[in-house]
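Chain by chain, the residues:
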Amino acid sequence: MRTLRVVCAAALLALVSPVAAHAQVEPGGWTSYSPSFTEQERGCGQISGLNFQLTCSTGSGDQRAERRYATYTSGTRQFEGSFRITSMTGTRISLKQTFNESAAGPFFMLAVERGGRLYRVGGDTIATGATVGTTVRVNTVHQVGSQHRTYINGSLKHTMSSPGGSFYDKFGTYRTDSGSGPIQATWSGVQFWRK
C-alpha cells in the first residue's frame, strides 16, 4: 500500500511540476534558448503582439509585418511556432523564413496560397489544410552547412541542403513577389532550441 502511495505521489508531482523545455521534433540533446528579435513593419504591414497583418491588396512594393530573430552561424537550430490565419482574401503570403544573411536573401520561405496550400517559394507543395481558422504547427530544423528540414504538425514534409554562413529566423506575414494581401495571422507557442 505504501508503495502504491509513493507511485501515486510521484505521478501527481510529475503532473504539477514544471517540465524542462524539450523539442517537439527530433528529440535528443536540445537546449532551449530565447534569441532577441526586432519587428519589421513596411508598407501596409501591422504588428500587435503576435498578430500580423497586411491590410492592403496591392501586388507591388514591400508589404511585410514580421519578427526577425538574432543571427546564428553554426550548429543546429530548431524553431517551433503555430500559426492560425484569421482572415485571408489575398494569396501567396510568406509566413516563415530562414534567411541567409551571407547571401543577402531568403534561403527558405514557407508561404500560403488562398485555399490553404503551403509551399516553398520557388519549390513544390509542402502541405495542405492551412485554411482560415485552422492552427498549423511549424518546426524547422537547420544544420548550418548541412541540411534544413521542415515539419508540419509534427510530420517531416520538406528537406533541402544548406550552405554554411549566417542565418536568422523570421515569421509573420510577408507579400511574396507573386502575392498580395490582405491577410491576418496569429502566431503562438514560439520556441527555439539549439545543439
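Residues numbered from 1 in each chain as written. Predicted model: local features only at pLDDT ≥ 70, side-chain atom pairs only at ≥ 80, totals over all residues. Heavy atoms only, no water.

Engineer: In this structure, what is going on with the packing of aromatic side chains? I would like to understand it.
Structural biologist: What characterises a pair of aromatic rings is the spacing of the ring centres plus the angle enclosed by the ring planes. In total, this model carries 13 aromatic pairs according to the counting rule given. For the ring pair F37 and Y69, a centre distance of 5.3 Å and an interplane angle of 45 degrees mean the geometry is tilted. Here Y69 lies in strand 5 (residues 64-69) and F37 lies in strand 2 (residues 37-42), a separation of 32 residues in the sequence. Classification of Y69 by relative accessible area gives buried; the value is 4%. On the numbers, 6.0 Å between centres and 65 degrees between planes, the contact of F79 with W187 is edge-to-face. Within this pair, whereas F79 is found in strand 6 (residues 76-88), its partner W187 is found in strand 15 (residues 183-194), the two being separated by 108 residues in sequence. Taken individually, F79 and W187 each receive the classification buried, so the pair is uniform in this respect. (Phe/Tyr/Trp six-rings, centres within 6.5 Å; stacked < 30°, edge-to-face > 60°. Helix = DSSP H or I, 4+ residues; strand = E, 2+ residues; numbered from the N terminus. Buried < 20%, exposed > 50% of the residue type's maximum accessible area, 1.4 Å probe, protein only.)

Engineer: Help me understand the pairing of strand 13 (residues 155-161) in this model?
Structural biologist: Where strand 12 (residues 147-152) lies against strand 13, 6 bridges are found, and the strand directions are antiparallel. Paired with Y151 across the two strands is L156, which belongs to strand 13. Linkage of strand 12 to strand 13, two consecutive antiparallel strands, is achieved through a turn of 2 residues, within which N153 is found at a positive phi near 50 degrees. (Pairing = 2+ DSSP bridges.)

Engineer: Help me understand unusual backbone geometry in this model?
Structural biologist: It is generally the case that most residues other than glycine have a negative phi and that most peptide bonds are trans. Following G181, the chain continues to P182 via a peptide bond in cis, the omega torsion being 0 degrees. Backbone geometry places R92, a non-glycine residue, at a positive phi of 60 degrees. Following the sequence through the fold, R92 ends up in strand 7 (residues 91-100). Looking at R92, the relative accessible area reads 23%, which means it is partly exposed.

Engineer: So what exactly am I meant to see when it comes to the nonpolar core here?
Structural biologist: Where a protein is soluble and globular, its nonpolar side chains tend to be buried together. In this structure, F83, V112, L118, I152, I183 and W187 are the most contacted members of the largest nonpolar core, which totals 33 residues. Residues in contact with W187, not counting those within four places in the same chain, are L50, F52, F79, G81, S82, F83, L95, K96, V138, F171 and G172. Core analysis: the next-biggest nonpolar cluster, separate from the first, contains 5 residues, W30, V141, Y151 and W193 among them. (Core = buried A, V, L, I, M, F, W, Y, C linked by side-chain atoms within 4.5 Å. Contact = heavy atoms within 4.5 Å.)

Engineer: Looking at this structure, how should I read the environment of K195?
Structural biologist: Tracing the chain through its elements places K195 in the segment after strand 15. The residues contacting K195, other than those within four sequence positions of it, are E26, G28, G29, W30, G75 and T76.

Engineer: It is not clear to me how the environment of G90 should be interpreted in this structure. Could you clarify?
Structural biologist: Tracing the backbone shows G90 in the loop between strand 6 and strand 7. On the basis of relative accessible area, G90 is assigned to the buried category, the value being 0%. Linking G90 and V112, residues 22 residues apart in sequence, is a C-alpha distance of 9.8 Å.

Engineer: Quick question: what am I supposed to make of the state of the cysteines here?
Structural biologist: What we call a disulfide is simply a covalent bond connecting the sulfur atoms of a pair of cysteines. Evaluation of the coordinates by the stated rule reveals 1 disulfide. Across the disulfide from C44 sits C56; the S-S distance is 2.1 Å. Its S-S torsion of approximately -65 degrees makes the covalent link between C44 and C56 left-handed. Here C56 lies in the loop between strand 4 (51-54) and strand 5 and C44 lies in the loop between strand 2 and strand 3 (45-48), a separation of 12 residues in the sequence. (Disulfide = S-S within 2.5 Å.)

Engineer: In this structure, what is going on with the sheet that holds strand 2? I would like to understand it.
Structural biologist: Within a beta sheet, neighbouring strands are joined by backbone hydrogen bonds and run either parallel or antiparallel to one another. Taken in spatial order, the 7 strands make up an open sheet running 2-5-14-7-8-9-10, and their pairing is antiparallel. Both edges of this open sheet fall to strand 2 and strand 10 (125-127), since each of them pairs with a single strand only. Each strand of the sheet is rotated relative to its neighbour by a mean of 25 degrees, with strand direction disregarded. The pairing of strand 5 with strand 14 (residues 167-180) spans 5 bridges and is classified as antiparallel. (Axes fitted to C-alpha atoms, helices over the stretch in contact; angles between N-to-C directions.)

Engineer: What is the right way to read the side chain of S180 from this model?
Structural biologist: Summarising the element assignment, S180 is placed in strand 14. When its relative accessible area of 17% is taken as the criterion, S180 is described as buried. Sequence-distant contacts of S180, defined by excluding residues within four places in its chain, comprise S57, T58, G59, G90, T91, I93 and R175.

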